[in-house]
Amino acid sequence: MNHFLDIHTTAPDDLRAMLDMARQMKDARNGLPKGTLDADQPLKGQMVALIFEKPSTRTRVSFDVGVRQLGGQTMVLSGSDMQLGHGETIADTARVLSRYVDLIMIRTFEEETLLEMAEYASVPVINGLTNRTHPCQIMADIMTYEEHRGPIKGKKVVWSGDGNNVCASFLHAAGQLGFDVTFTGPKQLDPEAEWIELARSKGSNIEIERDPVKAVQGADLIVTDTWVSMHDPESAKERRHNQLRGYQVNEALMAQAKPDALFMHCLPAHRNDEATSAVMDGPHSVIFDEAENRLHAQKAVMRWCLGK
Ligand code: CP
Ligand code: NVA
């Protein structure tokens, strides 16, 4: 049994095996109606709990559809409707759920909640986003980059904006899969130093460049995300906008990257804040491929977790 808690705690060979599996499963479904079941049904007879303590569109739907395509069944649970939200401990919740279901996916606030769930569950636990990381998103993003441009190893990824949870998982992937990351944003919103050092210790070139135009020179991929994440206080909004306005990904910035650079955003986006619609809907953008690939990548993650 494997938990999928973070990219830096998953072996590079395992990440590669999951990406290969995702690719094969996507190819095998080419052109089939979305409700068509996969031929091999590896999750037949399995029950999966999808727990959300924060809102979600992509994670909720892609996991739900993915489990069904693999032949399993799902229950989608809102944290606030569970006793979890009313004082029952994570450890007890984990032990109880393990008696009913074969796999748990949880989107939560504190990383400690995820880790405690994994420690006490006797079934695999998948990280569907915490305040600190979002590994399933980055599995889909690596898959997306590679289907358009080939191996990501040695490429230059530029993250523009808030050094948040999605940025953290990009840094983890850089260290595990051998690519470089330049962060451009205000100092107050730098990614955690721990993640920068970890990626550097594995040989990745991680740079911080305050000037976005300098940062994107030679970029193979430019990535951004919402300026205010779900765990950030609403009161941060105005300050964030003032801090980040200069880091908007627009056509002028995109034009400074390599001519074949891709643009990614995990979505949901605030159009014309962190990125303009011209970029999001433009020729460099692969944002909807990223969204689709959540489905294929997570199916591979679930199979790996269950040894299927
Ligand atoms: N990108 C992503 O995780 O989207 P949702 O919040 O809609 O799940
Ligand atoms: N950084 C965003 C990602 C949403 C998928 C958030 O945590 O709200």
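Fair warning: this is a prediction, and the values are worked out from it, not measured in the lab.

Structural notes on the pattern of salt bridges
Pairing of side chains with opposite charge becomes possible as their charged atoms draw close.
Link 1 in the chain: With the rule as written, the count across this model stands at 20 salt bridges.
Link 2 in the chain: Residue glutamate 147 pairs with lysine 26 through a salt bridge whose shortest N-O separation is 3.1 Å. Linking glutamate 147 in helix H5 (residues 135-149) with lysine 26 in helix H1 (residues 12-28), this pair joins segments that are 121 residues apart in sequence.
Link 3 in the chain: Overall, the relative accessible area of 14% leaves lysine 26 in the buried class.
Link 4 in the chain: One salt bridge in this structure joins aspartate 220 and lysine 258, with 2.9 Å as the shortest N-O distance. Remark: lysine 258 occurs in the loop between helix H10 (251-254) and strand E9 (262-265) and aspartate 220 occurs in the loop between helix H8 (212-215) and strand E8 (221-224); sequence separation between them is 38 residues.
Link 5 in the chain: One salt-bridge network, in which partners are shared between bridges, spans Arg23, Lys26, Asp27, Glu147 and Glu292.

Notes on the site of ligand 1
Link 1 in the chain: Ser56, Thr57, Arg58, Thr59, Arg107, His134, Gln137, Cys266, Leu267 and Arg294 make up every residue found near ligand 1.
Link 2 in the chain: Taking threonine 57, its main chain carries an N or O atom lying 2.7 Å from an oxygen atom of ligand 1.
Link 3 in the chain: Protein burial of ligand 1: of its 260 Å² of free accessible surface, 95% is covered by the chains.
Link 4 in the chain: When the residues that make up the shell around ligand 1 are grouped by side-chain class, the tally is 2 nonpolar, 5 polar and 3 charged.

What to know about the site of ligand 2
Link 1 in the chain: Neighbouring ligand 2 are Leu129, Asn164, Asn165, Val166, Asp225, Thr226, Ser229, Met230 and Leu267.
Link 2 in the chain: In this structure, asparagine 164 approaches ligand 2 through a side-chain N or O atom, which is 3.3 Å from a nitrogen atom.
Link 3 in the chain: Between ligand 2 and aspartate 225 there is a distance of 2.7 Å, counted from a nitrogen atom to a side-chain nitrogen or oxygen.
Link 4 in the chain: Of the residues in the shell around ligand 2, the class split is 4 nonpolar, 4 polar and 1 charged.

Side note on the pairing of strand E5 (residues 156-160)
Link 1 in the chain: The element E5 is extensively covered by neighbouring structure, given that 4 of its 5 residues are classed as buried.
Link 2 in the chain: Where E5 lies against strand E6 (residues 180-184), 5 bridges are found, and the strand directions are parallel. Directly across from valine 158, in E6, lies its bridge partner threonine 182.
Link 3 in the chain: Taken together, E5, helix H6 (residues 165-177) and E6 constitute a β-α-β crossover, and its handedness is right-handed.
Link 4 in the chain: Relative to E8, E5 is paired through 3 bridges, and the arrangement is parallel. Of the residues in E8, the one forming a bridge with valine 157 is leucine 221.

Rules and cut-offs
Residues numbered from 1 in each chain as written. Chains lettered and ligands numbered in written order. Predicted model: local features only at pLDDT ≥ 70, side-chain atom pairs only at ≥ 80, totals over all residues. Heavy atoms only, no water. Salt bridge = Lys/Arg side-chain N within 4 Å of Asp/Glu carboxyl O. Helix = DSSP H or I, 4+ residues; strand = E, 2+ residues; numbered from the N terminus. Buried < 20%, exposed > 50% of the residue type's maximum accessible area, 1.4 Å probe, protein only. Near = heavy atom within 4 Å. Polar contact = N/O pair within 3.5 Å; in protein donor to acceptor, adjacent residues only side chain to side chain. Areas by Shrake-Rupley, 256 points an atom, 1.4 Å probe, with all protein chains shown as cover. Nonpolar A, V, L, I, M, F, W, Y, C, P; charged D, E, K, R; others polar. Pairing = 2+ DSSP bridges. Right-handed = clockwise from strand over helix to strand, strands pointing away.

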